[in-house]
Amino acid sequence: MRKYVSLAMAAGLALAFAAHAAAAEKLKIGFLPGVVDPFYQVMQLGVEKAAKDLGIDVVTQVPPTWGVDVQTPILDSMVARGDLKYIITAPTDKDQMVGPLKAAADAGIKVITVDTFLGDGDYVNGPVKFPISYIGSDNTEGGRIAARGLAKAIGGKGVVYINSTNPNVSSVEGREKGFKEEMAKDFPDVKVLGPDYNLDDPNKATQQTAAVLTREPNLAGVFGTNVFSAQGAGAAVVNAGLGGHVQVVAYDATKLAIELMDKGVVSLVLAQKPFDMGYLAVMFAQADAAGVTSLPRRVETGFAIIDKSNVKDPAIARFIYQTPGK
Ligand code: T6T
């Protein structure tokens, strides 16, 4: 009997030791997105799913508001923990976040950028080379798609307005650039106003759009370059009773944007693929940790372009951001 007890104890101890060793070896990574919003909530789902599938620990910290001043101290605290091998992050400024993220890299933490990039996003030939990869949308192309959609919705002529969030953020900057370029190239009868910057405050976006609607009674369309911009712009159009008269194109497929499309306020919604961004970034960390040396330095995750004709198609509707809120 004693022999059995001690054998069982030894086996138990061995198992506990193995579990401890496995836990000690488990890769631990940080996830630091841009701000609390439905886009990054879906990205977090992708991060968590990949972490579960691959047996990785993730420490997530979400800045309550957008900006370098808020993101940097959170990053510094993640670095100071000393147990994170990778950080997956969306830099809130393409230049100002270079220093803090380079400091993280110098402290031995490898950086993967998602959704937004540093420098010009070319980590092979550009000014910033240390991140492993940029995984996100081709936002300049997204801006071009938005321009074509809005031009079509307004019959190819008229005044349109861009409402955006912040300058020097690679994502929305690319969208503004692509939108303006496409209008200038193919739609000479469309005049583009803006952007105004709402600093990720939908109420500010509403006020700004309302002011433009007052100033420009013939305004034909608005391009909201992200969740908050489109939400605020849509609200201003609804408040003015101009739904269907002033066309709105919304970047980001929130439930609210889709509701506004059902009501005839929003004519086109660009869904990004934040789940893919999060999932792939964790896979990249795992692969890099395993010694893979040929990871692409840039991965474009593509879009689903949603309008009234395809919104009920399950193959398209699956890209609407599924989050508890709107
Ligand atoms: O549009 C996304 C993201 O792509 C952008 O970089 C910041 O705004 C969002 O998170 C939406 O709020």
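Refer to the structure printed above.
Caption draft 1: Structural view of the overall build of the chain. Helices and strands together make up the secondary structure of the chain, namely 11 helices and 12 strands. Once the C-alpha set of the chain is aligned to its principal axes, its extents read approximately 90 × 45 × 30 Å. Of all 326 residues assigned to the chain, the portion counted as buried reaches 51%. Of the contacts formed within the chain by residues at least 6 apart in sequence, a portion of 74% connects residues at least 24 apart. Here the chain has roughly 14500 Å² of accessible surface; of this, 57% comes from carbon and sulfur atoms. For the chain, the distance from the average site of its 32 positive side-chain charges to the average site of its 34 negative ones is 5 Å.

Caption draft 2: Just the packing of helix 2 (residues 38–54) against helix 10 (residues 274–289), in detail. Where helix 2 meets helix 10, the axes come as close as 6 Å, and the angle between the chain directions of the two elements is 35 degrees. In this structure, helix 2 meets helix 10 at a crossing whose hand is right-handed. On the side of helix 2, the interface is formed by Phe39, Val42, Met43, Leu45, Gly46, Val47, Lys49, Ala50, Ala51, Asp53 and Leu54, while helix 10 contributes Pro274, Phe275, Met277, Gly278, Tyr279, Val282, Met283 and Gln286. Residue composition of the contact of helix 2 with helix 10, by class: 14 nonpolar, 3 polar and 2 charged.

Caption draft 3: The arrangement of the sheet that holds strand 7 (residues 190–197) in detail. Ordered in space as 7-6-8-9-10-12, the 6 strands form an open sheet in which the pairing is mixed. The two strands at the open ends of the sheet, each matched to only one other strand, are strand 7 and strand 12 (304–306). When the angles between neighbouring strand axes are averaged without regard to direction, this sheet yields 15 degrees. Pairing of strand 10 (residues 266–271) with strand 12 involves 3 bridges; the strand directions are antiparallel.

Caption draft 4: Representation of the packing of helix 7 (residues 202–215) against helix 8 (residues 227–239) within the structure. Orientation of helix 7 relative to helix 8, taken along the N-to-C sense of each, is 45 degrees, at an axis distance of 7 Å. Considering the angle they form, helix 7 stands oblique to helix 8. In the packing of helix 7 onto helix 8, the handedness of the crossing is right-handed. Touching Pro202, Ala205, Thr206, Thr209, Ala210 and Leu213 of helix 7 are Phe228, Ser229, Gln231, Gly232, Ala233, Ala235, Ala236, Val237 and Asn239, all from helix 8. Classifying every residue of the contact of helix 7 with helix 8 gives 9 nonpolar, 6 polar and no charged.

Caption draft 5: Local environment of the site of the ligand. Taken together, 13 residues sit near the ligand, with Asp37, Asp115, Ser171, Arg175 and Asp252 positioned nearest. At 2.7 Å from an oxygen atom of the ligand is found a side-chain nitrogen or oxygen belonging to Arg175. Going through the elements one at a time, helix 2, helix 6 (170–186) and helix 8 are the ones with two or more residues in the shell around the ligand. Of the residues belonging to the shell around the ligand, the class tally is 5 nonpolar, 4 polar and 4 charged.

Caption draft 6: Quick peek at the pairing of strand 8 (residues 219–224). Taking burial as the measure, the 6 residues of strand 8 include 6 buried ones, the bulk of the element. Examined bridge by bridge, strand 6 (residues 158–164) and strand 8 share 5 bridges and lie parallel to one another. Within strand 8, the residue paired with Val160 across the bridge is Gly221. The pairing of strand 8 with strand 9 (residues 247–251) spans 4 bridges and is classified as parallel. For Gly221, the partnering residue across the bridge sits in strand 9 and is Gln247. With respect to chirality, the unit in which strand 8 leads through helix 8 into the neighbouring parallel strand 9 is right-handed.

Caption draft 7: Highlighting the pattern of salt bridges. Here the structure, examined in full by the defined rule, presents 13 salt bridges. One salt bridge in this structure joins Glu173 and Lys94, with 3.0 Å as the shortest N-O distance. With a gap of 79 residues between them, Glu173 in helix 6 and Lys94 in the loop between strand 3 (86–89) and helix 4 (98–106) connect regions that are remote in the sequence. On the basis of relative accessibility, which here comes to 30%, the residue Glu173 falls in the partly exposed class. Each of Glu141, Arg144, Arg148 and Glu182 takes part in one network of salt bridges that share partners.

Caption draft 8: Quick peek at the side chain of Gln247. For Gln247, the location among the structural elements is in strand 9. Once you skip the residues sitting within four places of it in the chain, Gln247 turns out to touch Leu150, Ala153, Ile154, Ala220, Gly221, Val222, Val265 and Ser267.

Definitions and limits used
Counting starts from 1 at the beginning of each chain's written sequence and moves along it residue by residue. Two thresholds apply to this predicted model, a pLDDT of at least 70 for residue-level local features and 80 or more for giving and counting side-chain atom pairs, whereas whole-chain, interface and lining totals are computed over all residues. No hydrogens and no water enter the side-chain calculation; it runs on all heavy atoms of the structure. Secondary structure counts use DSSP, requiring at least four H or I residues in a row for a helix and at least two E residues in a row for a strand, with both numbered from the N terminus. Only protein chains enter the area calculation, which uses a 1.4 Å probe; residues under 20% of their type maximum are buried, those over 50% are exposed, and those in between are partly exposed. Throughout, a residue-residue contact means that at least one pair of heavy atoms, one from each residue, lies within 4.5 Å. For accessible areas, the Shrake-Rupley method is used with a probe of radius 1.4 Å. Any residue's cover is judged against the shown protein chains and nothing else. Under this rule, positive means Lys or Arg and negative means Asp or Glu; His and the chain ends count for nothing. Where a charge lies is defined by one atom per residue type, namely NZ (Lys), CZ (Arg), CG (Asp) and CD (Glu). In this description, a line fitted to the C-alpha atoms serves as the axis of each element, helices being fitted only across the stretch in contact, and the angle between N-to-C directions of two axes falls anywhere from 0 to 180 degrees. What makes a crossing left-handed is the near helix being turned counterclockwise from the far one by less than a right angle; a clockwise turn instead makes it right-handed. When residues are grouped by polarity, Ala, Val, Leu, Ile, Met, Phe, Trp, Tyr, Cys and Pro land in nonpolar, Asp, Glu, Lys and Arg in charged, and all others, Gly among them, in polar. For two strands to be treated as a pair, DSSP must find at least two bridges joining them. By definition in this entry, angles of less than 35 degrees are roughly parallel, angles greater than 145 are roughly antiparallel, angles of 65 to 115 are roughly perpendicular, and the rest are oblique. Nearness of a residue to a molecule or strand requires only that one of the residue's heavy atoms be within 4 Å of it. Polar contacts here mean pairs of N or O atoms no more than 3.5 Å apart (in protein, one a potential hydrogen donor and the other a potential acceptor; neighbouring residues in sequence count only if both atoms are side-chain atoms). Seen with the strands pointing away from the viewer, any crossover whose path from the first strand over the helix to the second strand runs clockwise is right-handed. What makes a salt bridge here is a side-chain nitrogen of Lys or Arg within 4 Å of a carboxyl oxygen of Asp or Glu, nothing more.

By themselves, these are just geometric observations and shouldn't be taken as functional.
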